[in-house]
Amino acid sequence: MIEKKKPACSHNSSRKRDRVLAVGTLLLIIAAWAAGFTLEHADTEPCLYQAMPGADRIEQTSQGSYAAYGADQLIGYIGVGEGTGYGGPMSVAVATDLDGKITGLAVIRHRETPEWFKRVQESDYFSCFIGKKFSDPFGLGDDIDGISGATYTSRAVARASLEGSRFVAENNLDLPVPARKPVQVVFGPPEGVLLVLFALGFLGRRKSFRYKKKVRWLSMLTGMIALGFMYTNPLTLSLVNKMLLGFWPDWHTHLYWYVLLGGILFCLISFGKNPYCEWFCPFGAAQECLGTIGGAKSHAVPRYKLFFTWTQRGLALAAILIAMVYRNPGISSYEIFGTLFDLKGSILQFFLLGLVVLASLFIRRPWCRYLCPIRPIESLIRFLRKWVKSNDSAKTQVP
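This report concerns the structure included in the present document. Nothing here was measured: the structure is a model prediction, and the numbers come from that model. (Residues numbered from 1 in each chain as written. Predicted model: local features only at pLDDT ≥ 70, side-chain atom pairs only at ≥ 80, totals over all residues. Heavy atoms only, no water.)

### Quick notes on the overall build of the protein chain
- Broken down by element type, the protein chain carries 15 helices and five strands.
- Taking the contacts inside the protein chain whose residues are at least 6 apart along the sequence as the reference set, 67% of them involve residues at least 24 apart.
- About 21900 Å² of surface is accessible on the protein chain, with carbon and sulfur atoms providing 61% of the total.
- With 45 positive and 30 negative side-chain charges, the protein chain shows a separation of 22 Å between the mean positions of the two kinds. (Helix = DSSP H or I, 4+ residues; strand = E, 2+ residues; numbered from the N terminus. Contact = heavy atoms within 4.5 Å. Areas by Shrake-Rupley, 256 points an atom, 1.4 Å probe, with all protein chains shown as cover. Lys, Arg positive; Asp, Glu negative; His and termini not counted. Charge placed at Lys NZ, Arg CZ, Asp CG, Glu CD.)

Structure (structure tokens):
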């Protein structure tokens with residue numbers, strides 16, 4: 001039997017098309033980033049009056065803070081502090097009286113996922129800072145209770161409140177401000193579990209390893225329980241968007257994200273493998289558990305494969321472009337991880353989760369195969385890696 005070979009010209013044409021699409025995708029992301037950077041603007045004045053509602057007039061001082069007046073008398077100052085939330089930098093207007101005590105807060109700009117930020121707004125979290133002074137502790141979990149499921153947002157508000165009150169005390173009130181304590185590295189159970197899971201994924205992918213199936217299930221269940229239900233820290237498009245926007249958080253307090261992204265990128269670039277998605281993604285593991293119950297199979301749909309592939313890529317690209325333009329990593333995220341692991345989300349998200357759960361009983365990892373935005377990003381990195389390697393190989397063959 002003679003096997004028909006694909007014409008070389010057809011293969012070259014397909015490769016050229018893929019390269020043009022890859023470059024076009026990168027250029028679109030860069031253009032959206034530039035547009036968002038140019039258009040970014042936040043009206044500070046309404047937030048200043050929100051932080052200091054008793055003020056009749058607010059004027060900016062030469063130090064960069066704001067002086068608030070009521071009945072033509074100075075009643076306090078407003079400093080703008082910044083903290084790093086889940087989505088990136090957060091700016092907060094911090095109003096203080098003439099003794100340096102905080103009297104009000106108002107968020108000027110944030111990049112948090114809307115549902116998480118709404119949870120903080122609807123709580124009484126902001127009231128925890130009223131009456132605090134720049135010299136008081138602002139430690140989350142010690143003297144300030146954070147919001148469950150919104151730890152990074154809670155920590156950002158606390159940090160911004162401290163920075164804003166310290167600025168006013170030091171520059172406007174001439175009060176003795178204690179020296180800042182050195183930032184300590186936050187390394188806890190989430191980071192430890194993540195390193196163990198990466199090690200299991202690396203070990204299990206070795207061809208000589210005999211217990212691959214058992215270790216993979218151990219890794220998946222650990223990822224689902226620990227990274228999903230316990231810590232709710234899966235890899236999301238919001239995290240990727242945050243890095244693309246340049247909102248790199250302090251590694252001392254966000255070591256988990258650097259280990260997660262750094263580990264995945266290292267494995268993809270070095271070996272072309274991604275241990276996270278197949279070995280310990282919490283949502284992927286949940287789908288496989290459901291698939292085991294329902295006897296799910298990898299249904300091949302060759303007729304619609306191209307449609308599903310480009311729909312998945314289109315959704316991911318659209319979400320990234322929207323995030324770049326609005327400079328908010330989570331504004332366009334359509335993932336439903338939090339809906340499963342934290343039982344929080346809109347009616348639409350719960351509806352989509354129900355469809356995915358039902359489909360998981362019969363189709364192996366339907367979300368991963370048809371909707372997950374991480375898969376197209378991974379494919380792009382693989383393609384670029386292969387392209388670079390092919391160019392290097394071609395150069396070494398030139399006499």
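### Comments concerning helix α8 (residues 255-271)
- Taking 1.5 Å of rise per residue, 17 residues should cover 24 Å, and α8 covers 23 Å from first to last C-alpha, within 8% of that figure.
- Buried within α8 are the following residues: Leu255, Tyr256, Trp257, Val259, Leu260, Leu261, Gly263, Ile264, Cys267 and Leu268.
- Looking one or two residues past α8, Gly272 carries a phi angle of roughly 75 degrees, positive in sign. (Expected span 1.5 Å × (residues − 1). Buried < 20%, exposed > 50% of the residue type's maximum accessible area, 1.4 Å probe, protein only.)

### Some remarks on the pairing of strand β4 (residues 89-96)
- Counting buried residues along β4, eight of its eight residues qualify, which places the element largely inside the surrounding structure.
- Side chains Pro89, Ser91, Ala93 and Ala95 of β4 all project onto a buried face; the interleaved residues Met90, Val92, Val94 and Thr96 project onto the opposite face, where all are buried too.
- Strand direction decides the pairing type here: strand β3 (residues 73-84) and β4, joined by eight bridges, are antiparallel. Each bridged residue has a counterpart across the sheet, and for Gly83 the counterpart in β4 is Met90.
- Linking β3 back to β4 in an antiparallel pair, the connection comprises four residues, with Gly88 at a positive phi of about 140 degrees.
- Taken together, the six bridges between β4 and strand β5 (residues 102-109) define a ladder with antiparallel strand orientation. The residue of β5 that forms the bridge with Val92 is Val107.
- The hairpin turn running from β4 into β5, its antiparallel successor, is five residues long, and Gly100 in that turn takes a positive phi close to 95 degrees. (Pairing = 2+ DSSP bridges.)

### Things to note about helix α7 (residues 237-244)
- Across the eight residues of α7, seven count as buried, placing the element largely inside the fold.
- Burial in α7 covers these residues: Leu237, Ser238, Leu239, Val240, Asn241, Lys242 and Met243.
- Looking at the residues trailing α7, positive phi occurs at Gly246, about 85 degrees.

### With respect to the environment of Cys368
- With respect to the element layout, Cys368 can be found in helix α14 (residues 366-370).
- Each C-alpha atom, one on Cys368 and one on Phe283, is 8.8 Å from the other, the two residues being 85 residues apart in sequence.
- Discounting residues that sit within four places of it in the chain, Cys368 has contacts with Gly284, Gln287, Gln312 and Arg375.

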